[in-house]
Amino acid sequence: MSNRREIVQGGLLTLIFGFGPICACNAQSRREPHAYGCVLSAKDADQYMDDNTDTRLYITGNEPMIPRSGDRSFDLALARTLAAVSETLKVLPSFAYYDDYDGLNAYATPKVRLVNADGTVLFGQRLLSRLMSGKESPEVAVAAVCAHEFGHILQFKRGLDKVVGAGQRTVKRVELQADFFAGYFAGVRKLQRPNFPAAVFAMTQYHFGDNMVNDPGHHGTPEERGAAISKGFEIAYREKRSLSEAIQAANNFALSL
Ligand SMILES: [Zn+2]
């Protein structure tokens with residue numbers, strides 16, 4: 001029997017990405033202390049944006065997107081997707097772009113820049129450009145990264161990162177749980193919109209997997225990242241679980257790794 005996971009992972013092997021390795025260091029100095037994973041402490045977040053950085057909340061999806069993509073329909077679609085992620089995971093982070101000159105990346109931080117926000121998601125402008133050059137639903141690949149970061153915001157809000165990350169030598173459990181939540185969003189979105197290309201979420205996170213299993217910043221192998229998305233997807237799409245049930249499942253999943 002061919003299950004969803006096999007289908008998704010089969011797709012991973014056959015589809016070709018339009019972007020290469022994620023490492024784009026240049027002559028500018030790297031920021032320190034360098035974060036492990038894509039979680040920044042409130043203190044470290046100050047290195048990534050100044051007080052004038054344009055920061056928005058996306059509540060209804062009709063708010064104007066920060067114009068960084070050069071594509072208005074993309075900006076609108078992303079604003080709507082961010083609002084949908086916010087609704088599904090019941091978190092309301094503010095969102096900003098930053099210059100990721102020292103390595104393509106996106107971050108989540110508990111630092112609050114706007115009143116009533118649940119922390120902040122920072123998206124690298126160079127990562128945005130790289131993802132948008134992809135051939136396979138680039139706007140959905142951007143949404144996948146955003147949903148992963150919103151997953152971290154959910155962890156901060158509920159203290160989940162402390163539970164699943166306790167005593168770990170790497171950030172893998174925390175990162176794969178964020179992937180699980182991104183997959184959960186993809187499943188909810190596909191129930192709402194049957195033509196939503198949810199497999200792009202698994203493919204995107206598969207691509208960002210790494211094999212540095214002993215590195216403190218290890219996020220999970222490509223296979224583990226794709227599988228974490230698939231597990232979260234199943235909880236929403238097949239099992240139609242509530243968010244609180246999904247959080248319990250995500251904790252069990254992460255603690256079993
Ligand atoms: Zn992460």
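What you see is a predicted model, and the numbers here were worked out from it, not measured in a lab.

Enquirer: Hey, could you run me through the environment of Phe196 in this one?
Expert: Mapped onto the elements of the fold, Phe196 is located in the loop between helix H7 (172-192) and helix H8 (199-207). Each C-alpha atom of the pair Phe196 and Val140 lies 8.7 Å from the other, and the pair is 56 residues apart in sequence. Setting aside residues no more than four positions away along its own chain, Phe196 makes contact with Arg189 and Lys190.

Enquirer: Help me out: how do you make sense of the packing of helix H4 (residues 125-132) against helix H5 (residues 138-158) in this one?
Expert: The axes of two packed helices give the description: the angle between them and the distance between them. The contact between H4 and H5 brings their axes to 8 Å, and the two run at 140°. If you check the angle between H4 and H5, you find them oblique. Touching Leu128, Leu131 and Met132 of H4 are Pro138, Ala141, Val142 and Val145, all from H5. Grouping the constituent residues of the contact of H4 with H5 by class yields seven nonpolar, no polar and no charged.

Enquirer: Would you mind showing me how to read the nonpolar core here?
Expert: The nonpolar side chains of a soluble globular protein tend to be buried with one another. One finds Leu122, Ala144, Cys146, Phe150, Phe181, Ala182 and Phe185 to be the most contacted residues of the largest nonpolar core, which totals 73 residues. With sequence-adjacent residues up to four places away left out, Ala144 is seen in contact with Ala182, Val200, Phe201, Thr204 and Gln205.

Enquirer: Got a minute to help me understand the sheet that holds strand S2 (residues 94-98) in this structure?
Expert: Two pairing modes exist for strands in a sheet, parallel and antiparallel, and in both the strands are linked by backbone hydrogen bonds. Spatially, four strands are ordered S1-S2-S4-S3 in an open sheet, and the strand pairing comes out mixed. One side of each edge strand has no neighbouring strand; the edge strands of this open sheet are strand S1 (55-56) and strand S3 (106-109). When S3 meets strand S4 (residues 120-124), the two strands line up antiparallel, connected through four bridges. Across the sheet, the residue bridging to Thr109 is Thr120, located in S4. Running over the sheet, H5 touches S3 and S4 and is turned about 20° from S3.

Rules of the game
- Residues numbered from 1 in each chain as written.
- Predicted model: local features only at pLDDT ≥ 70, side-chain atom pairs only at ≥ 80, totals over all residues.
- Helix = DSSP H or I, 4+ residues; strand = E, 2+ residues; numbered from the N terminus.
- Contact = placed C-beta atoms within 7 Å.
- Axes fitted to C-alpha atoms, helices over the stretch in contact; angles between N-to-C directions.
- Parallel < 35°, antiparallel > 145°, perpendicular 65-115°, else oblique.
- Nonpolar A, V, L, I, M, F, W, Y, C, P; charged D, E, K, R; others polar.
- Core = buried A, V, L, I, M, F, W, Y, C linked by C-beta atoms within 7 Å.
- Buried ≥ 20, exposed ≤ 12 C-beta atoms within 10 Å, placed from the backbone.
- Pairing = 2+ DSSP bridges.

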